Amino acid sequence: MTDTILEVQNLQKKFGQHEVLRDINLTVTKGEVLSIIGRSGSGKSTLLRGLNLLEPPTSGTILFHGENVLADGFNLTQYRAKVGMVFQSFNLFNNLTVLENVVVPQVTVLKRDKAEAKAKAIAVLKQLGMDPFVNAKPAQLSGGQKQRVAIARSVAMDPEVLLFDEPTSALDPEMVDDVLNAMTDLAKTGLTMIVVTHEMQFARDVSDTVLFMNEGVVAEQGTPEQIFGDPQQAVTQDFLKRYL
Ligand code: ADP
Ligand code: MG
């Protein structure tokens, strides 16, 4: 058995004539933290949405433990539970409490019994420093707190891979570090993560692999030392100059 979880081959996504992803190839192994950086419009969100099939690719292959998730008859509901997603805009249920937000998907999707789901929710909320807020509604929370609840909701599903799409981009600056620290702690637990981010310090410090996307292709990929210390492509050098 290899410890490859996801393998993406020749992935392409078109919206009409607009080819947004062109021949994307990547591999994610168990425990890896993969950061995806690149300009706005380069296709990063489309790639994440393709990976968990919110927006199915036009062509190419996505293998999950060697199984083609684009094949007919593949169980999408189970797959989406195993490949979780955290959004920039949290997407919490505003009419539910913090605890209910974390309990409900476990019960509806994983069919966990309520008591087990509740125990799991409390443990994960505690891990993310949100246990004092179990009875609060999302509207009572700061952006950073909402995002930690959203992360807790995904983590409680025991995903094999968690996808993050610019999880700190909608936050006030003083909240950003709370969320990045929570994500750093999660990475240390061995959770496999793919993180689209503009937080270069996080990408540099926490990632095993950094992937630079440009115009729908992976322009360059390497260790943080390679990408930030010695980028080979002019487009990567140019992009990173703004962050120096
Ligand atoms: P990024 O996340 O890197 O900013 P996106 O993946 O959101 O980039 O978008 C890449 C390109 O795909 C953009 O030109 C965007 O306008 C286009 N795009 C994204 N989603 C859609 C859609 N649902 N329909 C049409 N075009 C889209
Ligand atoms: Mg995006």
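Residues numbered from 1 in each chain as written. Chains lettered and ligands numbered in written order. Predicted model: local features only at pLDDT ≥ 70, side-chain atom pairs only at ≥ 80, totals over all residues. Heavy atoms only, no water.

(A) Seen up close, the sheet that holds strand S4 (residues 59-64). Sheet architecture is open: four strands sit in the order S2-S1-S4-S5, paired in antiparallel fashion. The sheet is open, and its two edges are formed by strand S2 (18-29) and strand S5 (67-68), each paired on a single side. Pairing of S4 with S5, which is carried by two bridges, proceeds in the antiparallel orientation. When the sheet's bridge partners are listed, Leu63 is paired in S5 with Asn68. Helix-sheet contacts for helix H1 (residues 44-51) involve strand S1 (4-15), S2 and S4, and the interaxial angle to S2 is about 60 degrees. (Pairing = 2+ DSSP bridges. Helix = DSSP H or I, 4+ residues; strand = E, 2+ residues; numbered from the N terminus. Contact = heavy atoms within 4.5 Å. Axes fitted to C-alpha atoms, helices over the stretch in contact; angles between N-to-C directions.)

(B) Broad picture of the nonpolar core. Leu125, Val149, Ile151, Phe164, Met183 and Met193 are the most contacted members of the largest nonpolar core, which has 39 residues in total. In terms of residue count, the dominant contributor to this core is helix H6 (residues 173-188) (eight residues). Those residues in contact with Phe164 that lie beyond four places of it in its chain are Leu48, Val86, Ile151, Met183, Leu186, Met193, Ile194, Val195 and Val196. Within the second largest apolar cluster, 27 residues are counted, among which are Val28, Phe74, Val196 and Leu211. (Core = buried A, V, L, I, M, F, W, Y, C linked by side-chain atoms within 4.5 Å. Buried < 20%, exposed > 50% of the residue type's maximum accessible area, 1.4 Å probe, protein only.)

(C) Inspection of the site of ligand 1 at higher detail. Close contacts around ligand 1 come from Phe15, His18, Val20, Arg39, Ser40, Gly41, Ser42, Gly43, Lys44, Ser45 and Thr46, and that covers them all. Gly41 places a main-chain nitrogen or oxygen 2.7 Å from an oxygen atom of ligand 1. One of the side-chain N or O atoms of Lys44 is found 2.8 Å from an oxygen atom in ligand 1. Coverage of ligand 1 by the protein chains reaches 60% of its 560 Å² of free accessible surface. Here the shell around ligand 1 gets three residues from one element, more than from any other, and that element is H1. Across the shell around ligand 1, the residue classes break down as two nonpolar, seven polar and two charged. (Near = heavy atom within 4 Å. Polar contact = N/O pair within 3.5 Å; in protein donor to acceptor, adjacent residues only side chain to side chain. Areas by Shrake-Rupley, 256 points an atom, 1.4 Å probe, with all protein chains shown as cover. Nonpolar A, V, L, I, M, F, W, Y, C, P; charged D, E, K, R; others polar.)

(D) Local environment of the sheet that holds strand S6 (residues 83-86). Spatially, six strands are ordered S6-S7-S8-S3-S9-S10 in an open sheet, and the strand pairing comes out mixed. Where the open sheet ends on each side, the last strands, each with one partner, are S6 and strand S10 (217-222). Each neighbouring strand pair of the sheet contributes to a mean axis angle of 20 degrees, computed without reference to strand direction. Across five bridges, the pairing between strand S7 (residues 161-165) and strand S8 (residues 192-196) is parallel. Within S8, the residue paired with Phe164 across the bridge is Val195. Running over the sheet, helix H5 (residues 143-155) touches S6 and S7 and is turned about 175 degrees from S6. Across the sheet, H6 lies against strand S3 (33-38), S7 and S8, angled at about 150 degrees from S8, the strand it touches most.

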